[in-house]
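# Remarks on the overall topology
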2 protein chains.
Amino acid sequence: MALIVQKYGGTSVGTPERIKNVARRIAACRERGDDVIVVVSAMSGETNRLIGLTKEVSSKPLPRELDVVVSTGEQVTIGLLCMALHDIDVKAKSYTGGQVRILTDSAHTKARILSIDEAPIRRDLSEGSVIVVAGFQGVDEAGNITTLGRGGSDTTAVAIAAALKADECQIYTDVDGVYTTDPRIVSEARKLDSITFEEMLELASLGSKVLQIRSVEFAGKYKVKLRVLSSFEDQGEGTLITVEEDQNMEQPIISGIAFNRDEAKITVLGAPDRPGIAYRILGPVADSNVDVDMIVQNVGHDGATDFSFTVSRGDVEKALKALEAAKGEIGEHVIETDTTMAKVSVVGVGMRSHPGVAAKMFRALGDEGINIQMIATSEIRISVAIEEKYLELAVRVLHKAFGLDQA
Amino acid sequence: MALIVQKYGGTSVGTPERIKNVARRIAACRERGDDVIVVVSAMSGETNRLIGLTKEVSSKPLPRELDVVVSTGEQVTIGLLCMALHDIDVKAKSYTGGQVRILTDSAHTKARILSIDEAPIRRDLSEGSVIVVAGFQGVDEAGNITTLGRGGSDTTAVAIAAALKADECQIYTDVDGVYTTDPRIVSEARKLDSITFEEMLELASLGSKVLQIRSVEFAGKYKVKLRVLSSFEDQGEGTLITVEEDQNMEQPIISGIAFNRDEAKITVLGAPDRPGIAYRILGPVADSNVDVDMIVQNVGHDGATDFSFTVSRGDVEKALKALEAAKGEIGEHVIETDTTMAKVSVVGVGMRSHPGVAAKMFRALGDEGINIQMIATSEIRISVAIEEKYLELAVRVLHKAFGLDQA
């Protein structure tokens, strides 16, 4: 008898009919003899409806009260799901974040979980109940309602799995697992049976939206066995996210290819090449709350240097304004902006032990005449910035070059 | 500096705009220097929407989970109202029933308040905050969410006023006070400046829907000064509901005229006139959960008696079925049903010291040719059953006969 934590997102519980489907899925799990704790999100659209209401009342809603309002979305779902379970003779009991006592800090709208009181859950499990917990919410030390921020239900599920040492934490979504890349771009994309936490983190940070990044970090830290599955299909094992690469198996060098269209390049041309110039350029940009991604500084010549960095396209205006304000600090220069950039990344823990990955990637792109404008790397990832029009081609070429289309 | 509890119903907080209006009303009260505790209902329509959702999921929603779902309605309102208050620089803090610790019994969907923890409220009041409490809800000893049943927000307000010994509990509704009778029937109906709890209870039980009857009982028991006001008008003192009749003033004999169209008369003709016949007839009716209102047993003749009683029209079928099942017990009889009855009542504490009220009432009706079919009395009320077609005429005649059109 295993202890399973299951998390169902907003789409999976989006209608009364779908809530009844989820109930049947839970019943099947109970019939296999497992203990089940379920974490649910608000019905899809509900959180936005509630936020809309707050905006009608206040242009700048008080964070404490925003949490009071928004947390009702998940509370409705837990009640409805328990009713549906009861109707098919599955004993169930709902818990709000406050009732299960998911203790968080007091950072309203983006709180962090500090601890979970496992005693009431253990007691109800031992009495044969399915436990249904409202995701995304908790209470602080003073009993104020807090929320964990968007996607926080994944984090709730992982935190409960960690606290109760569950055998597995299953995240049900509208996709059936993690893919080598987006199947809408590469029809040969394959679902991965397993992937490491590090790889998943890199993929998530690069825009793959299967799991909330914080929940993956959390699962990695507490060694929670995490699995992504579809709530709309009855078959399939989904993708298991593992703590360590499997030592017994031949690991693929590359696990997946991620990409992001939303890139813009800002270049500062001919700035005086002196110590501290990188800070004089990027400091003001960071101060205006713009995330800088890739950075390249060219070798100086004639006492001047060219300095490029990428930002999200939506941040270009803010970044330019920050540079304009700091132009006295930077010294004489010209600014160029390119908003037709894209980023492609290959991710895989295997590249630690296989040095030729970068060369292989650059050659595959070069063979297709795709010019690499910037490069960034981590221990298990290589990212390149290219012109957006080459994006699909680049993803397909790399997918094939690293043999991801083969099982 | 007074401590005021204000309660706003669903219509008063029915839209974001109305919530902002309520905030301005509270701000005005603060400016007069009073401490304010506010109790709110769910936005109008919200409770029904939530109940609708539960019915889509389950034909017989689990009461514990029904409370979990339905209680979110008030939780949304408290958050929104606090935001609106904050926006006009009024410090405010919201409390769910669980947070303020309104402790109830465990009778889900119809729980009764056992105690209220006044410490957190006192602390926040002393810090200059307006306290906004979700009406209609509480928690039981085990921390389960409970609700008090429809209209329970009035009870929450009165219970808080009692616990904190507030100077006044103001119930804001869509009417501006308690009237001598329904102004839609008698244009000369006057708003009463004050009325006693006993009178209010009689009026409420007779179908006057200004206040929930339980909240009036509660207020009477704990001697809470209760006032009914309109949330849509800025003028007016509403109607004060007082613990005792004012000894210093000339009391009117009659305070108001109540009526109810929803009456049906069931008559058992020619039943054997023997001891216990009333129980044999009414026992089965009560057992089938039908409330019996007025009862008349005619003098027996030839060993037989005629026995009449009134029930709500919606209960006629159930009552007849109960009588049919018990016909062996009752003995030979014939049953007649009349579903065109109405009830008119005059209510006033003054009738205790003025014996001629009944005679005056009967004469006024008789002068208009209105036949009285049944009579029932309490210490401060006389009710008569008449044909429904005479209802408006009867109310107008009595309103005039007792001088209620004169200030």
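Residues numbered from 1 in each chain as written. Chains lettered and ligands numbered in written order. Predicted model: local features only at pLDDT ≥ 70, side-chain atom pairs only at ≥ 80, totals over all residues. Heavy atoms only, no water.

If you tally the helices and strands in chain A, you get 13 helices and 18 strands. Whereas a compact globule of 407 residues would reach a radius of gyration of roughly 22 Å, chain A reaches 24 Å, a difference of no more than 12%. Across its three principal directions, the C-alpha atoms of chain A cover 80 × 55 × 30 Å. A burial count over chain A gives 54% of its 407 residues as buried. Excluding contacts between residues fewer than 6 apart, the proportion of contacts in chain A whose partners are at least 24 apart in sequence is 75%. Charge separation in chain A, taken as the distance between the mean sites of 45 positive and 59 negative side-chain charges, equals 3 Å. (Helix = DSSP H or I, 4+ residues; strand = E, 2+ residues; numbered from the N terminus. Rg over C-alpha atoms; globule rule 2.2 N^0.38 Å. Buried < 20%, exposed > 50% of the residue type's maximum accessible area, 1.4 Å probe, protein only. Contact = heavy atoms within 4.5 Å. Lys, Arg positive; Asp, Glu negative; His and termini not counted. Charge placed at Lys NZ, Arg CZ, Asp CG, Glu CD.)

We now examine the packing of helix H9 (residues 277-287) of chain A against helix H10 (residues 316-325) of chain A. All names here are of chain A. As a packed pair, H9 and H10 sit with axes 8 Å apart at the nearest point and diverge in direction by 130°. It follows from the interaxial angle that H9 and H10 lie oblique. Note on packing geometry: the crossing formed by H9 with H10 is right-handed. Residues Ile281, Pro284 and Val285 of H9 form the contact with H10, whose own contacting residues are Ala319, Ala322 and Leu323. Among the residues forming the contact of H9 with H10, the class breakdown is six nonpolar, no polar and no charged. (Axes fitted to C-alpha atoms, helices over the stretch in contact; angles between N-to-C directions. Parallel < 35°, antiparallel > 145°, perpendicular 65-115°, else oblique. Left-handed = near helix turned anticlockwise from the far one by under 90°. Nonpolar A, V, L, I, M, F, W, Y, C, P; charged D, E, K, R; others polar.)

Strand pairing in a sheet relies on backbone hydrogen bonds. The paired strands run either parallel or antiparallel. Residues and elements named next belong to chain A. Reading across the sheet, the eight strands line up as S3-S6-S2-S1-S9-S11-S12-S10 and stay open at both edges, with mixed pairing between neighbours. Taken across any chain shown, the strands that pair with only one partner, and hence form the sheet edges, are strand S3 (92-95) and strand S10 (194-196). In this sheet, adjacent strand axes meet at a mean angle of 20° when their direction is disregarded. Bridging between strand S9 (residues 168-173) and strand S11 (residues 226-230) involves five bridges; their strand directions are parallel. By the bridge assignment, Gln170 is partnered in S11 with Arg227. (Pairing = 2+ DSSP bridges.)

Another point: the packing of aromatic side chains. Describing an aromatic ring pair means giving the distance of the ring centres and the angle of the ring planes. Summed over all chains, the structure comprises four aromatic pairs over all chains. Ring centres 5.1 Å apart and planes at 35° place the aromatic pair Phe218 of chain A and Tyr222 of chain A in the tilted group. For Tyr222 of chain A, a relative accessible area of 43% gives the class partly exposed. Taking the centre distance of 4.6 Å and the plane angle of 15° together, the rings of Tyr8 of chain B and Tyr172 of chain B count as stacked. On the criterion of sequence distance, the pair formed by Tyr8 of chain B in strand S1 (residues 3-8) and Tyr172 of chain B in strand S9 (residues 168-173) is long-range, its members being 164 residues apart. (Phe/Tyr/Trp six-rings, centres within 6.5 Å; stacked < 30°, edge-to-face > 60°.)

All names here are of chain A. Mapped onto this numbering, the UniProt entry annotates "binding site: ATP" (unreviewed entry) at Lys7, Tyr8, Gly9, Gly10, Thr173, Asp174, Tyr179, Arg184, Lys209 and Val210. Structurally, Gly9 can be placed in the loop between strand S1 (3-8) and helix H1 (16-31). With relative accessibility at 11%, the residue Gly9 sits in the buried group. When neighbours within four sequence positions are excluded, Gly9 is seen to be in contact with Ser41 and Tyr172. Of note, Gly10 is situated in the loop between S1 and H1. Gly10 gets classed as buried once you look at its relative accessible area, which sits at 17%. Not counting the four nearest positions on each side in its chain, Gly10 is found in contact with Ser41, Ala42, Met43 and Ser44. (UniProt positions renumbered as here; feature names shortened; annotations may be inferred.)

Attention now goes to helix H5 (residues 119-126) of chain B. Residue and element names in this part refer to chain B. Taken residue by residue, H5 has Pro120, Ile121, Asp124 and Leu125 as its buried positions. Buried residues in H5, looked at end-on, bunch into an arc of 135°, giving them a common side. Trailing H5 by a residue or two, Gly128 shows a phi angle of about 85°, which is positive. (Arc of directions from axis to C-beta.)

Each partner contributes to the interface: chain B provides 40 residues, whereas chain A provides 40 residues. Overall, the association of chain B and chain A removes approximately 3200 Å² of surface from exposure, summing both partners, and the carbon and sulfur fraction of that is 63%. Interface area lost by chain B to chain A is led by Val57, Gln75 and Met83 of chain B, which between them contribute 20%. Of the charged contacts in the structure, one is a salt bridge between Arg49 of chain B and Glu46 of chain A, with a shortest N-O distance of 3.6 Å. There are 14 residue pairs in polar contact (both at pLDDT 80 or more) connecting chain B and chain A. Listed by contribution, the elements that provide at least two residues to the side of chain B that touches chain A are helix H1 (16-31), helix H2 (46-57), helix H3 (63-70), helix H4 (72-87) and strand S3 (92-95) of chain B. Tallied by class, residues from the side of chain B that touches chain A come to 18 nonpolar, 13 polar and nine charged. (Buried area = accessible area lost by both parts, 1.4 Å probe. Salt bridge = Lys/Arg side-chain N within 4 Å of Asp/Glu carboxyl O. Polar contact = N/O pair within 3.5 Å; in protein donor to acceptor, adjacent residues only side chain to side chain.)

Because the α-helix completes a turn every 3.6 residues, residues three or four places apart line up on one side. The end-to-end C-alpha distance of helix H2 (residues 46-57) of chain A is 17 Å, a good match for the 16 Å that twelve residues give at a rise of 1.5 Å each. Restricting attention to buried positions, one finds in H2 of chain A the residues Glu46, Thr47, Leu50, Leu53, Thr54 and Val57 of chain A. Seen along its axis, H2 of chain A keeps its buried residues to an arc of 120°; they face one direction. Residues of H2 of chain A that are buried make contact with helix H3 (63-70) and helix H4 (72-87) of chain A together with H1, H2 and H4 of chain B. (Expected span 1.5 Å × (residues − 1).)

Residue and element names in this part refer to chain B. Here Glu199 is to be found in helix H7 (residues 197-205). Of the side chains with opposite charge, Arg352 lies nearest to the buried Glu199, which makes no salt bridge, at 8.1 Å. If near-sequence neighbours (up to four positions away) are discounted, Glu199 is found in contact with Ser255, Val347, Gly348, Val349 and Ile380.

Mapped onto this numbering, the UniProt entry gives "domain: ACT" (unreviewed entry) at residues 266-349 of chain A. Note that residues 266-349 of chain A is 30% helix and 39% strand, and that its end C-alpha atoms are spaced 31 Å apart.

Moving on: the relation of the copies chain B and chain A. Least-squares fitting of chain B to chain A yields an RMSD of 0.2 Å, with the transformation described by 0.1 Å of translation along the axis and a rotation of 180°. Put plainly, the chains are arranged around a two-fold axis. Distance from the rotation axis, computed per C-alpha, reaches its smallest value in chain B at Thr72 of chain B: 2.7 Å. In this assembly, 100% of the residues forming the interface of chain B have copies in chain A that are likewise at the interface, indicating an isologous arrangement. (Least-squares fit on C-alpha atoms with pLDDT ≥ 70 in both.)

Turning our attention to the confidence of the model for chain A. Chain-level pLDDT for chain A is 90 on average; 96% of the residues reach the 70-or-more range. As scored by the predictor, the complex reaches a pTM of 0.82 and an ipTM of 0.81. (pLDDT = per-residue confidence, 0-100.)

Summed over the entire model, instances satisfying the criterion amount to 46 salt bridges over all chains. Here Lys225 of chain B makes a salt bridge to Glu168 of chain B, at a shortest N to O gap of 3.9 Å. In this pair, Lys225 of chain B is assigned in the loop between helix H8 (213-221) and strand S11 (226-230) and Glu168 of chain B in strand S9, connecting sequence segments 57 residues apart. Given the relative accessible area of 40%, Lys225 of chain B is considered partly exposed. Because the salt bridges share partners, they merge into one network encompassing Glu46 and Arg49 of chain A together with Glu46 and Arg49 of chain B.

Looking now at the environment of Val133 of chain B. All names here are of chain B. With respect to the helices and strands, Val133 occurs in strand S6 (residues 130-134). A sequence separation of 37 residues divides Val133 from Thr96, and the C-alpha atoms of the two residues are 5.9 Å apart. Excluding its chain neighbours within four sequence positions, the residues that come into contact with Val133 are Ile37, Val38, Val39, Val40, Ile78, Tyr95, Val100, Ile102, Thr156 and Ile160.

Right, let's talk about the pairing of strand S12 (residues 239-242) of chain B for a bit. Within a regular strand, the side chains alternate between the two sheet faces. All names here are of chain B. Burial along S12 is two-sided: Thr239 and Ile241 and Leu240 and Thr242, pointing in opposite directions, are all buried. Two strands pair when backbone bridges link them, and strand S10 (residues 194-196) and S12 are joined in this way by three bridges, in the parallel orientation. Bridge pairing in S12 places Ser194 opposite Leu240. Bridging between S11 and S12 involves three bridges; their strand directions are antiparallel. By the bridge assignment for S12, Leu226 is matched with Ile241.

Here we come to the sheet that holds strand S18 (residues 381-387) of chain A. Residue and element names in this part refer to chain A. Across the sheet, which stays open at both edges, the six strands sit in the order S14-S15-S13-S16-S18-S17 with antiparallel pairing between neighbours. Two strands bound the open sheet, and with one partner strand each, they are strand S14 (295-297) and strand S17 (374-378). Pairwise comparison of adjacent strand axes, ignoring direction, gives a mean angle of 25° for this sheet. As defined by bridge partners, strand S13 (residues 256-272) adjoins strand S16 (residues 334-347) across eleven bridges and the pair is classed as antiparallel. The partner of Glu263 across the bridge, within S16, is Met341.

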